[in-house]
Amino acid sequence: MADSHTLSVSEAAEQIRQGQLSPSAYAEALLERIDTYEPALQAWVTIDREEVLDTARQRELQLESGETPGWLHGVPVGLKDIFYTAGMKTTACSRIYADFVPDYDATCVARLKEAGAVILGKAVTTEFATSDPSPTRNPWNREHTPGGSSSGSSVAVASGMCPAALGSQTGGSTCRPAAYNGIVGLKPTYGRISRYGVIPVSWSLDTVGILVRRVTDAALLLQAMAGYDANDPGSANRPVPDYRREMDSNAGPPRLGLLNKGYFFDRATPEVRQHTEAVAGQLAQAGAVIEELELPESFATAPDCQRIIMNVECAAFHEEFFRHRADEYGPRLRANIEMGLLIPSVTYLQAQRLRRQFRQDLTGLAQRVDALLTPATPAPAPRDLNTTGDAAFQAPWTSAGLPTVVIPSGLSEDGLPLGVQFAAPPFEEGKLLGVARWCEGALGVDLRPADYI
Amino acid sequence: MADTTPDISQESILRQLTAQAEARWGADYVDRNRALLELAAEYATLVSNNLPDTETEPGFYQ
């Protein structure tokens, strides 16, 4: 099992189904890898080794008894430490939830288990999935932030500790760390995956995110988790398509809307701008049609609306704890809560109204092409461990609820990962992933940090 | 959350937020968190000066 850590989810699942890879040996290999690299990277909060190996053995027995394997049978998956896990601590890396042990699994965790996944452990998050940095280090360069808030999940996947992990995104917490660590991140449409049993930041923004190394793997995890859940008021009651079939029906060269005027390119460094133009050129050479599009006027207020909504809803969730235990919060989260407590109620509602208009405008823009194309981040991961980086290129899509996927697209002059981001209309994940998979193939970029190959 | 007034200049919003913050957490807090209050006032002012079409409902979710 020397190289099992390099397997993608789909490769591992296939080898397990064919009897070529033992779930126990696979889990053991990843646990050994975690033992080796965890001291340097600090990606994990809780790993119950015995539970992992017991579950892996059960998966073996299920296969031996002829049970039909699920999509993810025997595949280890990491969970950001905001997902409820029955009987296992779920701390949100906070002092407030330090001893919290849920008595049920989050719906998405239960669905992963139903699909045969082995829950490998709980990965580090920034405190309550907000912006106070975590101790996790970037495997590409430990002096640079790994991003956040899904820092542990992203680093675990990038360093080969697990083939897949769950994150979440309220601003940019899945796709930004995916880009900083050179992996694939999927933020589905708001409401596509249940948040029942997920510690919230902001109810009307929070989205479960997927972190993997290949685009196809994102489709597998999405297939396992997507679908209505009456326990989540934001859950979308819409049928779940066969995502791999939808990807296959969008397997040809796509029509891409390049957003190279205004917001994204104004904020990007010259290196990122040049890189994104070069990526678009490479995709065009491979057959994609590139159309330059302009952003709607409503984009101007979208980032501020997102911050208002996030801070007010965050303050509402934390208000009771905060009255008595404000000193136990990190400084950035504390400031967010305080701002949320002060924002006038009418301002919050106006922000939600503006957001609806913005969503309609952005959906209309996305419908003009197969997918919109932007840089993934304004710059590669900053050399600063006191920040989680800039979420500016993710927050507008999160606010609009549109699905986005980030794929690695190259390295910066400093040897750090660069990525590009695609967005599609709501509930068009199948097409979006089909486009991203085609671009992944056309670019041929598969990044692995040299010290963790 | 408090109510807004008809006056939507950034200065007036900042005055309201500062008064609320002082009532909640005291004058020391206001002195230490001037930048945060100014940022909140900036967000609120931008929203107040870019109101949506009259018939747009919030549409919290889908």
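Residues numbered from 1 in each chain as written. Chains lettered and ligands numbered in written order. Predicted model: local features only at pLDDT ≥ 70, side-chain atom pairs only at ≥ 80, totals over all residues. Heavy atoms only, no water.

### Brief notes about the overall build of chain A
The secondary structure content of chain A amounts to 15 helices and 11 strands. The principal-axis extents of the C-alpha atoms in chain A amount to approximately 60 × 60 × 45 Å. Within the span of chain A, comprising 453 residues, buried residues form 66% of the whole. If you take every contact in chain A between residues at least 6 apart in sequence, the share linking residues at least 24 apart comes to 78%. Of the roughly 15,300 Å² that chain A leaves accessible, carbon and sulfur atoms contribute 45%. (Helix = DSSP H or I, 4+ residues; strand = E, 2+ residues; numbered from the N terminus. Buried < 20%, exposed > 50% of the residue type's maximum accessible area, 1.4 Å probe, protein only. Contact = heavy atoms within 4.5 Å. Areas by Shrake-Rupley, 256 points an atom, 1.4 Å probe, with all protein chains shown as cover.)

### Structural notes on the state of the cysteines
Residue and element names in this part refer to chain A. Taken as a whole and judged by the stated rule, the model has 0 disulfides over all chains. There is no disulfide at Cys108, and the cysteine sulfur nearest it, in Cys162, is 15 Å away. Free of any disulfide, Cys175 has its nearest cysteine sulfur in Cys439, 15 Å distant. Overall, the relative accessible area of 0% leaves Cys175 in the buried class. (Disulfide = S-S within 2.5 Å.)

### Some thoughts on the packing of aromatic side chains
Residue and element names in this part refer to chain A. Following the criterion strictly, the structure yields 19 aromatic pairs over all chains and no others. Each residue in the set Tyr84, Tyr97, Phe100, Tyr104, Phe128, Tyr196, Trp203, Phe317, Phe321, Phe322 and Tyr329 is aromatic and connected to the rest through ring pairs, giving one cluster. Here Arg238 stacks its cationic end above the ring of Phe427, 4.0 Å away from the centre of that ring. (Phe/Tyr/Trp six-rings, centres within 6.5 Å; stacked < 30°, edge-to-face > 60°. Lys NZ or Arg CZ within 6 Å of the ring centre and 35° of its normal.)

### Focus: the pairing of strand β6 (residues 207-212) of chain A
Residue and element names in this part refer to chain A. For β6, a buried count of 6 out of 6 residues is recorded, marking the element as mostly surrounded by other parts of the structure. Of the two faces of β6, the one carrying Thr207, Gly209 and Leu211 and the one carrying Val208, Ile210 and Val212 are both buried. As paired strands, strand β4 (residues 164-169) and β6 are joined by 6 bridges and run antiparallel to one another. Residue pairing in the sheet places Ala165 in a bridge with Leu211 of β6. In the sheet, strand β5 (residues 184-187) pairs with β6 via 3 bridges, with the strands oriented antiparallel. From the neighbouring strand, Leu186 faces β6, where its bridge partner is Ile210. (Pairing = 2+ DSSP bridges.)

### A short note on the environment of Asp327 of chain A
Residue and element names in this part refer to chain A. Note on placement: Asp327 falls in the loop between α11 (302-325) and α12 (331-342). Expressed as a C-alpha distance, the spacing of Asp327 and Pro241, which sit 86 residues apart in the sequence, is 47 Å. Separated by 3.1 Å, the side chains of Asp327 and Arg334 make a polar contact. (Polar contact = N/O pair within 3.5 Å; in protein donor to acceptor, adjacent residues only side chain to side chain.)

### A word on the sheet that holds β4 of chain A
All names here are of chain A. Read from one edge of the open sheet, 11 strands run β1-β3-β2-β4-β6-β5-β10-β11-β9-β7-β8, paired in mixed fashion. In the strand order of this sheet, the two ends are held by β1 (44-46) and β8 (289-292), each with one partner. Taking the axes of each pair of neighbouring strands and ignoring which way they run, one obtains an average angle of 30 degrees across the sheet. Sheet strands touched by helix α15 (residues 429-443): β5, β7 (255-258), β9 (371-375), β10 (404-411) and β11 (417-423). Its angle to β10, the strand with the most contacts, is close to 5 degrees. (Axes fitted to C-alpha atoms, helices over the stretch in contact; angles between N-to-C directions.)

### A word on the interface of chain B and chain A
With 31 residues of chain B in contact, the opposing surface of chain A contributes 36 residues. Taken over both partners, the interface formed by chain B and chain A buries close to 3,200 Å², and the fraction arising from carbon and sulfur atoms is 66%. Inspection of the region where chain B meets chain A yields 0 salt bridges. Run the count over chain B and chain A and you get 6 residue pairs in polar contact (both at pLDDT 80 or more). When contributions to the side of chain B that touches chain A are tallied by element, the ones reaching two or more residues are α1 (10-25) and α3 (34-48) of chain B. Sort the elements by how many residues they give to the side of chain B that touches chain A and α3 of chain B lands first, with 8 residues. (Buried area = accessible area lost by both parts, 1.4 Å probe. Salt bridge = Lys/Arg side-chain N within 4 Å of Asp/Glu carboxyl O.)

### As for the pairing of β9 of chain A
All names here are of chain A. The buried count for β9 comes to 5 of 5 residues, which makes it a mostly enclosed element. Sheet analysis places β7 next to β9, joined by 3 bridges and oriented parallel. By the bridge assignment, Leu256 is partnered in β9 with Ala371.

### With respect to the nonpolar core
General note: in soluble globular proteins, nonpolar side chains tend to be found buried as a group. All names here are of chain A. Grouped together as the largest cluster of nonpolar side chains are 107 residues, with contacts concentrated most on Leu72, Cys108, Leu112, Leu166, Ile210, Leu221 and Phe422. Setting aside residues up to four positions removed in sequence, Leu72 forms contacts with Val9, Leu112, Ala115, Gly116, Ala117, Leu220, Leu221 and Ala224. Within the second largest apolar cluster, 28 residues are counted, among which are Leu41, Leu53, Val118 and Tyr452. (Core = buried A, V, L, I, M, F, W, Y, C linked by side-chain atoms within 4.5 Å.)

### Considering the confidence of the model for chain B
Residue and element names in this part refer to chain B. Of all residues in chain B, 84% attain a pLDDT of 70 or more, and the chain-wide mean is 87. At the low end of the mean pLDDT range in chain B sits α3, at 94; at the high end sits helix α2 (residues 27-32), at 96. Our summary of model confidence lists the complex with pTM equal to 0.97 and ipTM equal to 0.89. (pLDDT = per-residue confidence, 0-100.)

### Regarding the side chain of Ser298 of chain A
Residue and element names in this part refer to chain A. Along the polypeptide, Ser298 turns up in the loop between β8 and α11. Side chain to side chain, Ser298 and Asp361 meet in a polar contact 2.6 Å long. Setting aside residues no more than four positions away along its own chain, Ser298 makes contact with Phe358 and Asp361.

### Considerations on the packing of α12 of chain A against α1 of chain B
Here α12 of chain A crosses α1 of chain B at 115 degrees, and the two axes come no closer than 10 Å. One way to sum up the angle between α12 of chain A and α1 of chain B is to call them roughly perpendicular. Between α12 of chain A and α1 of chain B the crossing geometry is right-handed. Here Glu338, Leu341 and Leu342 of chain A of α12 of chain A come into contact with α1 of chain B, specifically with Leu17, Gln20, Ala21, Arg24 and Trp25 of chain B. Its residues assigned to classes, the contact of α12 of chain A with α1 of chain B comprises 5 nonpolar, 1 polar and 2 charged. (Parallel < 35°, antiparallel > 145°, perpendicular 65-115°, else oblique. Left-handed = near helix turned anticlockwise from the far one by under 90°. Nonpolar A, V, L, I, M, F, W, Y, C, P; charged D, E, K, R; others polar.)

### What to know about α15 of chain A
Residue and element names in this part refer to chain A. When the terminal C-alpha atoms of α15 are compared, their 20 Å separation across 15 residues agrees well with the 21 Å that a helix rising 1.5 Å per residue should span. Among the 15 residues of α15, 11 are classified as buried, and the element is accordingly described as predominantly covered. Taken as a whole, α15 has its buried residues at Glu429, Gly430, Leu432, Leu433, Gly434, Val435, Ala436, Trp438, Cys439, Glu440 and Leu443. Trailing α15 by a residue or two, Gly444 shows a phi angle of about 65 degrees, which is positive. (Expected span 1.5 Å × (residues − 1).)

### A look at the environment of Asp414 of chain A
All names here are of chain A. With respect to the helices and strands, the residue Asp414 is situated in the loop between β10 and β11. Using a relative accessible area of 64% as the deciding quantity, one classes Asp414 as exposed. Spatially, the C-alpha atoms of Asp414 and Asn141 are 9.6 Å apart, while their sequence positions differ by 273 residues.

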